[in-house]
Amino acid sequence: DTFATGDFTNVTAAQDIVITEGVPGDLSLGTVNLNAPAEFEFKTVGSTVNSTKSPLASDLQFATPVTVMSNVISFAVIQQSTVATTINISGVKLRPTQGTPLPSGPLTVTGTAGAAGTAATITTVPGAPTKLAFTVQPPLTAVAGQEFTDFNVTVQDQFGNTITGATDSILVQA
């Protein structure tokens, strides 16, 4: 419900991002970049992004700390593995840079270490209900004793995104 002009207070951290080597040494010396989808940005201030490896005995090494910029999270592989290794990246927070329409897009992996692809598809959901809106307007005039023609009222967030599944009662009186 807060995009780029808000803060990250109500932004939930993304699920862990997992990069798995198919065979030892799949990740070569170089960088691994996690790229935010268009119309999203990573939390950079006060961000704690952690990277861990499994198995812990793996000789894969990466430089710390992880670098977090508004559109990319990056880390350097400084030693290749001799055992297939999985890297978990946790604590990633991102938010949309616009309120409507609700953006979505791929979180991609690029870089010079050999990792590439789509790590996740990021979607947004409407924020907290803040207003009612007519999506089909009621008639401009009413005649006593006659029913209104059909009209629709929706519950929306502050940006005008419809909140589907809202179950609040609405009483319309003439």
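Quick note: structure is the one above.
Residues numbered from 1 in each chain as written. Predicted model: local features only at pLDDT ≥ 70, side-chain atom pairs only at ≥ 80, totals over all residues. Heavy atoms only, no water.

> Which parts of the structure should I look at to understand the overall build of the protein?
Across its full length, the protein holds 0 helices and 13 strands. Its helices and strands taken in sequence order, the protein reads β-β-β-β-β-β-β-β-β-β-β-β-β from the N to the C terminus. Per-residue burial over the protein gives 31% buried out of 174 residues. A fraction of 69% describes how many contacts in the protein between residues 6 or more apart in sequence connect residues 24 or more apart. About 10,200 Å² of surface is accessible on the protein, with carbon and sulfur atoms providing 53% of the total. (Helix = DSSP H or I, 4+ residues; strand = E, 2+ residues; numbered from the N terminus. Buried < 20%, exposed > 50% of the residue type's maximum accessible area, 1.4 Å probe, protein only. Contact = heavy atoms within 4.5 Å. Areas by Shrake-Rupley, 256 points an atom, 1.4 Å probe, with all protein chains shown as cover.)

> Even after reading the chapter, I still don't get the pattern of salt bridges, so can you show me in this structure?
A side chain of one charge can pair with a side chain of the opposite charge when the charged atoms of the two come close. Counted by the stated rule, this structure contains 1 salt bridge. Notably, a salt bridge pairs Glu41 with Arg95, separated by 2.7 Å at the nearest N-O pair. Taken together, the residues span a long stretch of sequence, with Glu41 in strand E3 (residues 40-42) and Arg95 in strand E9 (residues 94-96) at a distance of 54 residues. The class for Glu41 is buried, based on a relative accessible area of 18%. Classification of Arg95 by relative accessible area gives buried; the value is 9%. (Salt bridge = Lys/Arg side-chain N within 4 Å of Asp/Glu carboxyl O.)

> Would you mind showing me how to read unusual backbone geometry here?
Apart from glycine, the bulk of residues carry a negative phi angle, and the bulk of peptide bonds sit in the trans form. The phi torsion at Glu39 lies on the positive side, around 70 degrees, for a residue other than glycine. Note that Glu39 resides in the loop between strand E2 (30-35) and E3. Relative accessible area serves as the criterion here: at 39%, Glu39 is assigned to the partly exposed category.

> Would you explain the environment of Thr121 in this entry?
Residue placement: Thr121 occurs in strand E11 (residues 117-123). For the pair Thr121 and Pro106, spaced 15 residues apart in the sequence, the C-alpha separation amounts to 4.3 Å. Sequence-distant contacts of Thr121, defined by excluding residues within four places in its chain, comprise Gly105 and Pro106.

> Explain the pairing of strand E10 (residues 104-110) here, please?
Residues in a regular strand point their side chains to alternate faces of the sheet. Looking at chain direction, E2 and E10 are connected through 3 bridges and run antiparallel. Within E10, the position partnered with Asn33 by the bridge is Thr110. Counted between consecutive antiparallel strands, the loop separating E10 from E11 contains 6 residues, among which Gly111 sits at a positive phi close to 130 degrees. (Pairing = 2+ DSSP bridges.)

> Even after reading the chapter, I still don't get the side chain of Asn161, so can you show me in this structure?
Along the chain, Asn161 falls in the segment after strand E13 (152-156). Asn161 has contacts with Gly99, Thr100, Pro101, Leu102, Pro126, Val155 and Gln156, leaving out every residue within four places of it along the chain.

> Where do I start with the sheet that holds strand E8 (residues 86-90) in this structure?
To summarise the sheet geometry, strands pair through backbone hydrogen bonds and adopt either a parallel or an antiparallel arrangement. An order of E1-E8-E4 is seen for the 3 strands of this open sheet, with the pairing classed as antiparallel. Whereas interior strands pair on both sides, the edge strands pair on one side only; in this sheet they are strand E1 (17-20) and strand E4 (50-54). Strand-to-strand twist of the sheet, defined as the mean angle between neighbouring strand axes without regard to direction, takes the value 20 degrees. Where E1 meets E8, 4 bridges bridge the pair, whose relative direction is antiparallel. If you follow Thr20 over to E8, its bridge partner there is Thr86. (Axes fitted to C-alpha atoms, helices over the stretch in contact; angles between N-to-C directions.)

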